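So you can see what is in the structure, the chains are spelled out below.
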Number of protein chains: 2
Amino acid sequence: MTIKDARTPASAQSAAQETPTEAGKSIGWHKAYVEGSRPDLRVPVRQVHLTNGRSVTLYDTSGPYTDPLVDTDVRRGLPPLRENWIIARGDTEEYAGRPVRPEDDGIKHTAPRGGLRNLDAVFPGRPRQPRRGRGGAPVTQLAYARRGEITPEMEYVAVRENVSPEVVREEIAAGRAVLPANVNHPEIEPVIIGKRFLVKVNANIGNSAVTSSIEEEVEKMTWATRWGADTVMDLSTGRNIHTTREWVLRNSPVPIGTVPLYQALEKVDGKAEELTWEIYKDTVIEQAEQGVDYMTVHAGVRLPFVPLTANRKTGIVSRGGSIMAAWCLAHHKESFLYEHFEELCEILAAYDVTYSLGDGLRPGSIADANDEAQFAELRTLGELNTIAKRFHVQTMIEGPGHVPMHKIKENIDLQQEICDEAPFYTLGPLTTDIAPAYDHITSGIGAAMIAWWGTAMLCYVTPKEHLGLPDRDDVKTGVITYKIAAHAADLAKGHPGAQEWDDALSDARFEFRWEDQFNLALDPDTARAFHDETLPAEPAKTAHFCSMCGPKFCSMKISQDIRREHGGTRGEIEAGMAQKSKEFAEAGNRVYLPIAD
Amino acid sequence: MTIKDARTPASAQSAAQETPTEAGKSIGWHKAYVEGSRPDLRVPVRQVHLTNGRSVTLYDTSGPYTDPLVDTDVRRGLPPLRENWIIARGDTEEYAGRPVRPEDDGIKHTAPRGGLRNLDAVFPGRPRQPRRGRGGAPVTQLAYARRGEITPEMEYVAVRENVSPEVVREEIAAGRAVLPANVNHPEIEPVIIGKRFLVKVNANIGNSAVTSSIEEEVEKMTWATRWGADTVMDLSTGRNIHTTREWVLRNSPVPIGTVPLYQALEKVDGKAEELTWEIYKDTVIEQAEQGVDYMTVHAGVRLPFVPLTANRKTGIVSRGGSIMAAWCLAHHKESFLYEHFEELCEILAAYDVTYSLGDGLRPGSIADANDEAQFAELRTLGELNTIAKRFHVQTMIEGPGHVPMHKIKENIDLQQEICDEAPFYTLGPLTTDIAPAYDHITSGIGAAMIAWWGTAMLCYVTPKEHLGLPDRDDVKTGVITYKIAAHAADLAKGHPGAQEWDDALSDARFEFRWEDQFNLALDPDTARAFHDETLPAEPAKTAHFCSMCGPKFCSMKISQDIRREHGGTRGEIEAGMAQKSKEFAEAGNRVYLPIAD
């Protein structure tokens, strides 16, 4: 397989210090690290340098790719940041592991169908043996937190979130937050997901039977994290599922999630009724050994719930949900995921794989929102959450879907009540069905609201939702839109420090520090490009006006004049207004500066 | 001046029946009319023809441009739809009117500065004399409604909104809704703005001293209404203000709003302190005679409020607000707009110009939201609303701005209380400051929420906000984003019939009627283009899957199988499930269809 740039994916480069951005300008920030209580605990941040000499520190998800001092190579994979922490705990052991079989990549002796698309694609990185808890013992952050232990991972996220490690431990111990970190994924920079912390954003990638390649998926993953994705789900459904996932995991600085059911279905050639617990279990172990950090499990789709979807406008719209529904009906049996849930818990606990209990019956249209089927499943997810906790498995709950604004709050309130405040992880919700090609926006509205009300992580929706597979631009648009929703929610929740970012940008705006506005923007490249479209000249970068109002009418300039002419504080202005109005007149009452040129 | 297509602006053509769209396909809807109680009362609708033989009727703002039977010519202007209705009322008279002077287009004997950019730009349409209420009597829809009269305009919007004319009359009479319709703008298709009706969207256009031409503005206006703008504000601030406005008015099927203060300031060469009541009044009459339907008046920016902005992070960000603040300080006098407000009411009443009382002190950053300055002005707008009503002037109240989600509801609740439920007309609000280039999204979130809670009209924000002047693409993106926010709010408010649109599209989605999905989409062109990117082949238009999941895994297909195999209703499924599971197995348990090719 060919990688455009073996050292650093092109997608990440534009973020690196002093390297050209898409807009061909250099940008004023660099990667820095905040050190914790030990030298091997260095938390990355984005340091934005302002033209007024100050600097602003922002949360950074882009990984080593944006650190010019780190020599990255997607063929080698990222350095195993957590390896020593995991080994030092002494509660895990390496073992031979499950042999990788051709069918793991969808290759049938029966029906080869071309086989592995590019055989040289097998990940060449250093050989590794999988690791699991000694004797299958739980090695989860939840188990440690309950024992009162503060792990390096907990301290790492505490530094990232600017809270005390004890707060992190408490939230994890209470099940109100999860820290997805498979012992076989030592490359990740730990992240915490819980309503007490910054709202997180997940980006979905994944090839399908119809389109896209391994290379594209690795590229999309680095691109998504460069723009701020906190986790990435690999939803591949076509050939090369195992190999694509290996490349993604070894090169991902963020936790990776999957839906094992998709790969299991590939192994039975897409025939739902041929699925068995054994095939599913084998797939889960395969993925756990690779290092998948969280898995969507649709164990809440129970046989008796399927008829509840009969009168729906759009039936079952979750892939996993519909597959399990078809299986239940074909055998007229209860879901094998529901029946074997405790056994599944034991497996996940031994690798510290986090549950993302899937909402297989989520509404796929405004008409189906908050219906009996959806809430019946939610109540089951509550039961399963209780069981998972008994096995010390970290657990998130997935949420809808398509929900009109007035029905959104009921979702988060019910989920928090039924699931003992386990982190809610929602897709949107989309607040209307009428705008295909703009569902990042229809869902961004619902996402911001439900995050304000307590959702811990938002699964992004791209402009291609309902229409096609997202390309690189769609991934960026989806991530940026959801970072907006997440930050708007952080502000509304009064998250400490959240507003500092807004304040820094607004100060820059009021003081006409254009370069600082661009560098502080969620998307500096596009902000600069838009400004330059109408006022490309360099003087415009320091001009006290912009193309919207032109040199006259600039309201903020007038505000500055008022402040300058009449004193800074309200008291000064009130006191001096009458007298100073005369001087103001003599000063020429300039409400604008001449065009700089 | 050159118009790309003198018969129909290119921007509008793509909407016409069977004419090529941007994507080069013909689209399955056509312009139709619903007739009222009289032959000259024909309300345009968009009739979408579905492949299942049904059709869906949607609200249409695109004007005669999308009617192939109407011979439009931007040089002649649109037919004066309302002329006979206005004349028949017999309460207005034509008069010589105010002579148009060079300075109306910003041409100074003192400083010509190039003068009129294109002299041939003077609107060539049929000569017309301005009209006003006999002896200056109020000829407003509010006055008629209070007298118990249901005008043709009221019946027109009643048909559009699918409510009884009496409901329209009551809402207008109570001041809870406005129907902006200057007697000198007979070309418009009447629209009602009030919380009891569909949420409306305004699009801003306008050239500036820095960029853009008359032609571009006329083009943007038709383009904005083609995508769904209910009103358009011409915020021109450069040369040719009068002439640009004339072209826009004579060709606009929707009400046009302006901020007269911008033109008045041009007349005094941008020196705020040189503004006088006489210059402002003359400008208002000039614009009223042209046919401006509503005017933003910043009469709430009072001298004592200016110091309240001193400690703000971003001071005063409203152009009009900062101009009036500068004037107040320069003269240390109370605002001439506040002092002469009653006289202004008499003028507007004689033309039926609707007030849009401007929020000159709106917050320009998250930090300044809901502060003392903002709410002090709002209380003043409440006083002015009461005065305006005494003069039978229809009145809207403008709102913020930059407001975090948790502070949005306070804005609408306070406005409704203080302003006797007068229609609220808000800009966004933007829910965070950190995303320049994406402020259509930061504000679309706030817009949807505040509209759900009662805002009657939303002023769009484009991706260029804070960065530059919107081009054609930005106008489209802004309008589509705000149509989403408005419709999401209509759904959340339970507006009768609003969900039919969502249901029709979701039915099409569930039944894989791809062409119907495209034609029902807010933006059919882009939806179709996105789909074709990954599955361009024609069979894909009827395929029972899409590129997201491929032929396998299609959840909705599985739902259909379940329904088909187990009966349609919940009862049937429950009854037959056990027995039918066997047949289902025999049927092959197909969870997907083979790829159509």
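Residues numbered from 1 in each chain as written. Chains lettered and ligands numbered in written order. Predicted model: local features only at pLDDT ≥ 70, side-chain atom pairs only at ≥ 80, totals over all residues. Heavy atoms only, no water.

By the naming in an unreviewed UniProt entry, chain A goes by Phosphomethylpyrimidine synthase and is assigned to Streptomyces griseoviridis. One UniProt comment on chain A, placed under Pathway (unreviewed entry), says "Cofactor biosynthesis; thiamine diphosphate biosynthesis." (UniProt positions renumbered as here; feature names shortened; annotations may be inferred.)

Caption draft 1: Layout of the pattern of salt bridges. All names here are of chain A. Throughout the structure, instances matching the rule amount to 89 salt bridges over all chains. Between lysine 476 and aspartate 523 there is a salt bridge; the shortest N-O distance is 3.2 Å. Highlighted residues: lysine 476 in helix H16 (residues 472-492) and aspartate 523 in the loop between helix H18 (514-520) and helix H19 (524-534), separated in sequence by 47 residues. Comparing lysine 476 with aspartate 523, the two get one shared label, buried. Between arginine 528 and glutamate 515 there is a salt bridge; the shortest N-O distance is 2.7 Å. On the criterion of sequence distance, the pair formed by arginine 528 in helix H19 and glutamate 515 in helix H18 is long-range, its members being 13 residues apart. (Salt bridge = Lys/Arg side-chain N within 4 Å of Asp/Glu carboxyl O. Helix = DSSP H or I, 4+ residues; strand = E, 2+ residues; numbered from the N terminus. Buried < 20%, exposed > 50% of the residue type's maximum accessible area, 1.4 Å probe, protein only.)

Caption draft 2: Layout of the packing of aromatic side chains. Throughout the structure, instances matching the rule amount to 20 aromatic pairs over all chains. Residues Trp223(A) and Trp227(A) carry aromatic rings whose centres are separated by 5.6 Å and whose planes lie at 85° to one another, so their mutual orientation is edge-to-face. You can see Trp223(A) and its partner Trp227(A) sitting in helix H6 (residues 214-227), four residues apart, about one turn around the helix. Considered together, Trp223(A) and Trp227(A) belong to a single accessibility category, that of buried residues. Between Trp327(A) and Phe336(A), the ring centres sit 5.0 Å apart and the planes meet at 80°, which makes this aromatic pair edge-to-face. Pair check on accessibility: Trp327(A) and Phe336(A) agree, each one buried. Three or more aromatic residues link up through ring pairs in this structure, and these residues are Trp277(A), Tyr280(A), Trp327(A) and Phe336(A). Across from the ring centre of Trp29(B), 4.0 Å away, lies the NZ or CZ of Arg46(B), which sits over that ring. (Phe/Tyr/Trp six-rings, centres within 6.5 Å; stacked < 30°, edge-to-face > 60°. Lys NZ or Arg CZ within 6 Å of the ring centre and 35° of its normal.)

Caption draft 3: Broad picture of the relation of the copies chain B and chain A. Superposing chain B onto chain A takes a rotation of 180° plus a shift of 0.0 Å along the axis, which leaves an RMSD of 0.0 Å. The operation mapping one copy onto its partner corresponds to a two-fold rotation axis. For chain B, the residue whose C-alpha comes nearest the rotation axis is Ile445(B), separated from it by 2.3 Å. Comparing contact sets, 100% of the residues at the interface of chain B also lie at the interface in chain A, consistent with an isologous, same-surface contact. (Least-squares fit on C-alpha atoms with pLDDT ≥ 70 in both. Contact = heavy atoms within 4.5 Å.)

Caption draft 4: Here's a closer look at the sheet that holds strand S2 (residues 42-49) of chain B. Residues and elements named next belong to chain B. Sheet architecture is open: three strands sit in the order S1-S2-S3, paired in antiparallel fashion. With one partner strand each, in any of the chains shown, strand S1 (29-35) and strand S3 (55-59) form the two edges of the open sheet. Ignoring which end each strand starts from, the neighbouring axes of this sheet average 40° apart. For S1 and S2, the ladder comprises seven bridges, and the chain directions are antiparallel. Bridge pairing in S2 links valine 34 to valine 43. (Pairing = 2+ DSSP bridges. Axes fitted to C-alpha atoms, helices over the stretch in contact; angles between N-to-C directions.)

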